[in-house]
Amino acid sequence: MVDIGLTHVALPVSDIEQSIHFYTTYAGMHVVHRRKDSGRGVAVAWLSDHTRPFAIVLIQTNSVQPILAPMAHLGIGCKSREAVDQLCEQARQAGILVEEPKDAGYPVGYWAFLRDPDGHTLELSYGQEIGLTVEQTKV
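Nothing here was measured: the structure is a model prediction, and the numbers come from that model.

Cut-off values and rules
- One numbering rule holds for all chains: residues counted from 1, following each sequence as written.
- For this predicted model, a pLDDT threshold of at least 70 governs which residues receive local features, and a threshold of 80 or more governs which side-chain atom pairs are given and counted, while totals over whole chains, interfaces and linings are taken from all residues.
- Think of the side-chain values as coming from all heavy atoms in the structure, minus any hydrogens and water.
- Think of it this way: any DSSP run of H or I at least four residues long counts as a helix, any run of E at least two long counts as a strand, and we number them from the N terminus.
- Throughout, exposure labels follow a simple rule: accessible area from a 1.4 Å probe, protein chains only, divided by the maximum for the residue type, with under 20% read as buried, over 50% as exposed, and the rest as partly exposed.
- We call two residues contacting when some pair of their heavy atoms lies within 4.5 Å.
- Counting rule for charge: Lys and Arg are taken as positive, Asp and Glu as negative, and neither His nor the chain ends is counted.
- Here the site of a charge means NZ on Lys, CZ on Arg, CG on Asp, or CD on Glu.
- Take the number of residues in a helix, subtract one, and multiply by 1.5 Å to get its expected span.
- Polar contacts here mean pairs of N or O atoms no more than 3.5 Å apart (in protein, one a potential hydrogen donor and the other a potential acceptor; neighbouring residues in sequence count only if both atoms are side-chain atoms).
- Both site types are read off a 1 Å grid over the protein atoms alone. A 1.4 Å probe that fits but cannot get out defines a cavity, while an open set with protein on both sides within 12 Å along at least five of seven lines defines a pocket; lining residues have an atom within 4 Å of a point.
- Grid points are joined across faces, edges and corners, and a volume is the space filled by probe spheres set on the points.
- Only Asp, Glu, Lys and Arg are considered charged, only Ala, Val, Leu, Ile, Met, Phe, Trp, Tyr, Cys and Pro nonpolar, and every remaining residue, Gly among them, polar.
- It is the directions from the helix axis to the C-beta atoms that the arc portrays.
- Here a strand pair is declared whenever DSSP counts at least two bridges between the two strands.
- Fitted lines through C-alpha atoms serve as axes, helices being fitted only where they are in contact, and the angles separating the N-to-C directions of these axes extend from 0 to 180 degrees.

For the overall build of the chain, give the residues involved together with the corresponding values.
When its secondary structure is counted, the chain shows three helices and eight strands. Across its three principal directions, the C-alpha atoms of the chain cover 45 × 45 × 20 Å. Across the 139 residues in the chain, those meeting the buried criterion constitute 34%. Relative to all contacts within the chain whose residues are 6 or more apart in sequence, the contacts with residues 24 or more apart total 52%. If the 11 positive side-chain charges of the chain are averaged to one point and the 16 negative ones to another, these points end up 4 Å apart.

Next up, the structure:
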């Protein structure tokens, strides 16, 4: 099988272990591939939530300037509003909650922003209908 379409987003990170922990905790992702890049000698990890053929590729670098900062962000759909609230409480206690959960109505739903260890933004949401919209508009 050949990959077609959007397959990944690559993020520079300063501490790959810390970033793996963040995306495992707040995005339900797991490492599916790890290596030391042979050309540059840097650590690389691919993370997936196993819901579709898509990965976040973490690339360890010496210096990171946050690329994904509000409004640019990665978006994660959660099972319920309660799941969003639970993760936000955990993020609040860790000092990484950027925007409190809010209900923006249809089609945006209930969402909040978190900051990853390098300042990139992760959106947690419930009730966004991106998957349904995509299915209804397939060509």
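Break down helix H1 (residues 16-27) for me, citing the residues and quoting the values.
Compared with an ideal rise of 1.5 Å per residue, which puts 12 residues at 16 Å, H1 spans 15 Å between its outermost C-alpha atoms and is within 8% of the ideal. With a side-chain oxygen positioned 3.1 Å from the backbone nitrogen of Glu-17, the residue opening H1 is Asp-15. One or two steps after H1, the chain reaches Gly-28, where phi turns positive at roughly 65 degrees.

Please give an account of the layout of surface pockets that cites residues and values.
Considering only enclosed or pocket space, the largest pocket measures out at about 1000 Å³ in volume. Considering the residues around the largest pocket, the lining is formed by 35 residues, among which Asp-49, Thr-51, Arg-52, Gly-75 and Gly-77 are closest to the centre. Mapped by element, the contributors of at least two residues to the lining of the largest pocket are H1, strand S5 (74-77), helix H2 (81-94), strand S8 (121-126) and helix H3 (130-136). Across the lining of the largest pocket, the residue classes break down as 19 nonpolar, 10 polar and six charged. A volume near 200 Å³ is recorded for the second largest pocket. Contributing to the lining of the second largest pocket are Asp-3, Thr-7, His-8, Val-32, Trp-46, Ser-48, Arg-52, Pro-53, Phe-54, Ala-55 and Val-57.

Hey, could you go over H2 for me, with residue numbers and the actual values?
Its 14 residues place the ends of H2 20 Å apart at the C-alpha level, agreeing with the 20 Å of an ideal helix rising 1.5 Å per residue. Buried within H2 we find Val-84, Leu-87, Cys-88 and Ala-91. Across the axial projection of H2, the buried residues extend over an arc of 105 degrees, all falling on one side. Among the exposed residues of H2, those oriented more than 90 degrees off its buried face are Glu-82, Gln-86 and Gln-93. In this fold, the buried residues of H2 make contact with H1, strand S6 (97-103), strand S7 (110-115) and S8. Note on H2: the residue one or two positions beyond its end, Gly-95, has a positive phi of about 75 degrees.

Residue-level account of the sheet that holds strand S2 (residues 30-36), with values.
Picture the strands of a sheet paired through backbone hydrogen bonds; they go either parallel or antiparallel. Strands sit in the order S1-S4-S3-S2 across an open sheet of four strands; the sheet is mixed. The open sheet terminates on both sides in strands that have one partner only, identified here as strand S1 (8-13) and S2. Pairs of neighbouring strands in the sheet enclose a mean axial angle of 20 degrees, with direction left out of account. As paired elements, strand S3 (residues 43-48) and strand S4 (residues 55-60) share four bridges and run antiparallel to each other.

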